[in-house]
Amino acid sequence: RPTNTSLPELHLTGIPGLQHLHRWISIPFCIMYLVTLAGNSTLLCVIKADPSLHLPMFLFLSMLAVIDLVMSTSITPKMLGVFWFHSSAISLDACLTQMYFVHAFSVMESGVLVAMAFDRYVAVCNPLRYLSILTSPVVAAVGLAALLRAVVFMSPLTFQIRRLPLCSPAVVDHSYCEHMAVLKLSGGDTAFSNTYSLSVSTYVGSFDSLLITLSYALILRAVLSLSSPQARKKAFSTCGSHLCVMALFYIPGLLSMYMERYHQELPPHVQVLLADFYLLIPPAFNPLIYGIRTKQIRDGARRAISR
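All of these numbers come straight from a predicted model, not from anything done at the bench. Sequence order sets the numbering: in each chain, residues are counted from 1 along the sequence as written. In keeping with the predicted nature of the model, local features appear solely for residues at pLDDT of at least 70, side-chain atom pairs appear and are counted solely at 80 or more, and the whole-chain, interface and lining totals rest on all residues. By convention in this description, side-chain values take in all heavy atoms of the structure and omit both hydrogens and water.

Could you give me a rundown of the overall build of the protein, with the residues and numbers involved?
Going along the chain from the N terminus, every DSSP run of H or I of four or more residues is numbered as a helix, and every run of E of two or more is numbered as a strand. A tally of helices and strands in the protein yields ten helices and five strands. For the radius of gyration, the atoms used are the C-alpha atoms, and the globule rule reads 2.2 Å times the number of residues raised to 0.38. Here the C-alpha atoms of the protein give a radius of gyration of 21 Å, agreeing with the 19 Å that 2.2 N^0.38 yields for 307 residues. Its C-alpha atoms give the protein principal-axis dimensions of about 70 × 40 × 35 Å. Between two residues, a contact is recorded if the distance between any of their heavy atoms is within 4.5 Å. Nonlocal contacts in the protein, meaning residues at least 24 apart in sequence, comprise 80% of its contacts between residues at least 6 apart. In this tally, Asp and Glu contribute negative charge and Lys and Arg positive charge; neither His nor the terminal groups of the chain are included. A charged residue contributes its charge at one atom only: NZ of Lys, CZ of Arg, CG of Asp or CD of Glu. Positive and negative side-chain charges of the protein, numbering 21 and 14 respectively, have mean locations separated by a distance of 13 Å.

As structure tokens, then:
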């Protein structure tokens, strides 16, 4: 039955159909979260402690680390509470706040990944002008633009859901307050929210991934002109690992959204697991791929430890 949005609380089911496996599923999820916390916190500490790392590349990496920490922390503790203690209740305000943080920070992460791809393009294709193009004000402006874009895109979505009447029983068939899953509880007209969320996700995912692909295509073209086979091999390895992490971010995110929207016959746990993976795997792998594989970060970490 429809009620107003003062509904006291909602209930998260976790992973529908796999509740009997929650304890086992929680193990890799918990490990990924601990790796995310340790990796991104270490990265931030190393970059802050070493003045030689105060370069545009590492400032963007710091932004990515902060986004990953916020995004993971906004969902994983509650998710583990559902898995371990059957603590499924979440207040409507907490649910909407979680939804806002998850989706807004996903859009921010996408923007920062574009900035990092452009940073690598300038570093490889125009190295002599690198520091004159990517000055501190430019880096700050790019970070602010990524934040503002996320706020502008995601605020209407959250305000719209806040105004919709919800239905009891308020059971969200998901492990966190994902927009489409919460929208299914509404007894009102959800056409705007559905169309808007699909449009924004498609625009952000396709436009940003296109810019990233273009940047790396130009980088690879420059790399192929290098005479040293060793330099080419190193550049291919770096670009390949970066593109793999980006694919892990974009593909599961878009797949889970389109499946939720158009393929209702798919098992619900497949959609939920895809949505979980796109929020849990990249934050765990980003510090390893962008940080530990980078020589300057390893050298900075050694200097910090020796001090």
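Please give an account of the state of the cysteines that cites residues and values.
Think of a disulfide as a covalent bridge from one cysteine sulfur atom to another cysteine sulfur atom. Put simply, a disulfide is two cysteine sulfurs that come within 2.5 Å. What the rule picks out here adds up to one disulfide. One disulfide in the model links C95 with C177; its S-S distance is 2.0 Å. Across the S-S bond linking C95 and C177, the dihedral sits near -120°, which makes this disulfide left-handed. Taken together, the residues C95 in helix α3 (residues 92-125) and C177 in the loop between β5 (171-172) and α6 (179-183) connect sequence positions 82 residues apart.

Let's hear about the layout of surface pockets: which residues, and what values?
Over the atoms rolls a probe the size of a water molecule, and its path tells where empty space is left. As a volume, the largest pocket reaches approximately 790 Å³. Using a 1 Å grid laid over the protein atoms alone, points where a 1.4 Å probe fits but cannot get out form a cavity; open sets with protein on both sides within 12 Å along at least 5 of 7 lines form a pocket; any residue with an atom within 4 Å of a point counts as lining. M57, R120, K234, T238 and H242 are, among the 30 residues lining the largest pocket, the residues nearest its centre. Looking at the lining of the largest pocket, the elements with two or more residues in it are α2 (56-85), α3, α7 (191-224), α8 (229-262), α9 (268-292) and α10 (295-306). Looking at the lining of the largest pocket, the element that brings in the most residues is α8, giving nine residues. Grid points are joined across faces, edges and corners, and a volume is the space filled by probe spheres set on the points.

A description of the UniProt feature "transmembrane region" (unreviewed entry) in the protein should follow, citing residues and the corresponding values.
Sites flagged by UniProt as "transmembrane region" (unreviewed entry) map to residues 24-46, 58-80, 100-118, 130-152, 203-224, 236-258 and 270-292. Here residues 203-224 is 100% helix and 0% strand, with 31 Å between the C-alpha atoms at its ends. UniProt positions are given in the numbering used here, feature names are shortened, and annotations may be inferred rather than shown by experiment.

Pulling in residues and values, what's your account of the sheet that holds strand β3 (residues 89-91)?
Taken together, the three strands give an open sheet; going across it, the order is β3-β2-β5, and neighbouring strands pair in mixed fashion. The open sheet is flanked by β3 and β5, the only strands paired with a single partner. When strand β2 (residues 9-12) meets β3, the two strands line up antiparallel, connected through three bridges. Looking at the pairing, H11 lines up with A89 of β3. Fitting a line to C-alpha atoms yields each axis, with helices limited to the stretch in contact; the angle taken between N-to-C directions then spans 0 to 180 degrees. Contacting β2 and β3, α3 crosses the sheet at an angle of about 85° to β3. Strands are treated as partners if at least two bridges between them are detected by DSSP.

I'd like a rundown of the side chain of D119, residues and numbers included.
Looking at the element boundaries, D119 is found in helix α3. Whether a residue is buried, partly exposed or exposed follows from its accessible area with a 1.4 Å probe, protein chains only, as a fraction of its type maximum: under 20%, in between, or over 50%, in that order. Given the relative accessible area of 2%, D119 is considered buried.

Got a sec to walk through the environment of P56? Specific residues and values, please.
Turning to its location among the elements, P56 is positioned in helix α2. P56 sits 78 residues away from L134 along the chain, and the two C-alpha atoms are 6.4 Å apart. The residues touching P56, leaving out its near neighbours within four places in the chain, are D119, Y130, L131, L134 and V139.

Provide a residue-level description of the pattern of salt bridges, including the pertinent values.
Salt bridge, as applied in this entry: a Lys or Arg side-chain nitrogen positioned within 4 Å of an Asp or Glu carboxyl oxygen. On inspection of all chains with the given rule, the structure shows five salt bridges. The closest approach of N and O atoms between R303 and D50, which form a salt bridge, is 2.7 Å. Linking R303 in helix α10 with D50 in the loop between α1 (22-49) and α2, this pair joins segments that are 253 residues apart in sequence. The partly exposed category is assigned to R303, whose relative accessible area is 36%.

Hey, could you go over the pairing of β2 for me, with residue numbers and the actual values?
Burial of β2 is one-sided: the residues L10 and L12 facing one way are buried, the residues E9 and H11 facing the other way are not. Here β2 pairs with β5 via two bridges, running parallel. Bridge pairing links H11 to V171 in β5.

If you had to explain the packing of aromatic side chains to someone new, which residues and values would you point to?
Pairing of aromatic side chains here covers Phe, Tyr and the six-membered ring of Trp, requires ring centres within 6.5 Å, and sorts the geometry by plane angle: under 30 degrees stacked, over 60 edge-to-face, intermediate tilted. Taken as a whole and judged by the stated rule, the model has eight aromatic pairs. Between F29 and F83, the ring centres sit 5.8 Å apart and the planes meet at 50°, which makes this aromatic pair tilted. Of this pair, F29 sits in helix α1 while F83 sits in helix α2, and the two are 54 residues apart along the sequence. Looking at F29, the relative accessible area reads 2%, which means it is buried. Relative to F105, the ring of F101 has its centre 5.6 Å away and its plane inclined at 5°; by these criteria the two rings are stacked. Residue F101 and its partner F105 are both found in helix α3; the two are separated by four residues, about one turn of the helix. Taking the relative accessible area as the measure of exposure, F105 reaches 16% and is therefore buried. Following the ring pairs from residue to residue traces out a cluster consisting of F29, F83 and F277.

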